[in-house]
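Architecture at a glance
Next come the chains, spelled out residue by residue.
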Amino acid sequence: MTDPREAGRRVQEGFVPIIRAVPGLLAYYWVDAGDGVMVSTSVFESQAGAQESNARAAAWVKENLAPLLPNPPQIAAGEVVAIWAG
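Residues numbered from 1 in each chain as written. Predicted model: local features only at pLDDT ≥ 70, side-chain atom pairs only at ≥ 80, totals over all residues. Heavy atoms only, no water.

Turning to the pairing of strand β1 (residues 25–34), a few remarks are in order. Here is the key point about a regular strand: its side chains alternate between the two faces of the sheet. In this structure, β1 lies alongside strand β2 (residues 37–44), joined through eight bridges in antiparallel fashion. Paired with Leu 25 across the two strands is Phe 44, which belongs to β2. Two successive antiparallel strands, β1 and β2, enclose a turn made up of two residues, where Asp 35 displays a positive phi of approximately 55°. (Pairing = 2+ DSSP bridges. Helix = DSSP H or I, 4+ residues; strand = E, 2+ residues; numbered from the N terminus.)

Before going further, it helps to examine helix α2 (residues 47–64). Look at α2: 25 Å from first C-alpha to last across 18 residues, which is about the 26 Å you get at 1.5 Å a residue. Of all the positions in α2, only Gly 49, Ser 53, Ala 57, Trp 60 and Val 61 are classed as buried. The buried residues of α2 occupy one face: seen down the axis, they fall within an arc of 100°. Residues of α2 that are exposed and point more than 90 degrees away from the buried face comprise Gln 47, Ala 48, Lys 62 and Glu 63. (Expected span 1.5 Å × (residues − 1). Buried < 20%, exposed > 50% of the residue type's maximum accessible area, 1.4 Å probe, protein only. Arc of directions from axis to C-beta.)

The next point concerns the packing of aromatic side chains. The final tally for this structure, using the stated rule, is two aromatic pairs. Note on Phe 15 and Tyr 28: the rings are 5.7 Å apart at their centroids and 65° apart in plane angle, and the pair reads as edge-to-face. Placement of Phe 15 in helix α1 (residues 4–20) and of Tyr 28 in strand β1 is noted, with a sequence separation of 13 residues between them. With respect to burial, Phe 15 and Tyr 28 carry one shared label: buried. With 5.6 Å between their ring centres and 45° between their planes, Phe 15 and Trp 60 make a pair best called tilted. Taken together, the residues Phe 15 in helix α1 and Trp 60 in helix α2 connect sequence positions 45 residues apart. Trp 60 matches Phe 15 in its accessibility class, with the two residues each being buried. Three or more aromatic residues link up through ring pairs in this structure, and these residues are Phe 15, Tyr 28 and Trp 60. (Phe/Tyr/Trp six-rings, centres within 6.5 Å; stacked < 30°, edge-to-face > 60°.)

Given below as structure tokens:
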């Protein structure tokens, strides 16, 4: 990510309202991991919600974050197998 601060602003203002509208969203995080690496994590009640989120995210990223991305985003999905929430 060439400008993590700007990316965070765009995500907060533009993408968070979109993902909040996806049924079954439990949590969403956008993390600056340093050195231009950003990590997005979303937690859904079902795989269907996660898939819908990925579709919406792909379209949004293409329109809103592409100029800040030197490399294409990588997507991984999986099932929660251990949890702790405080």
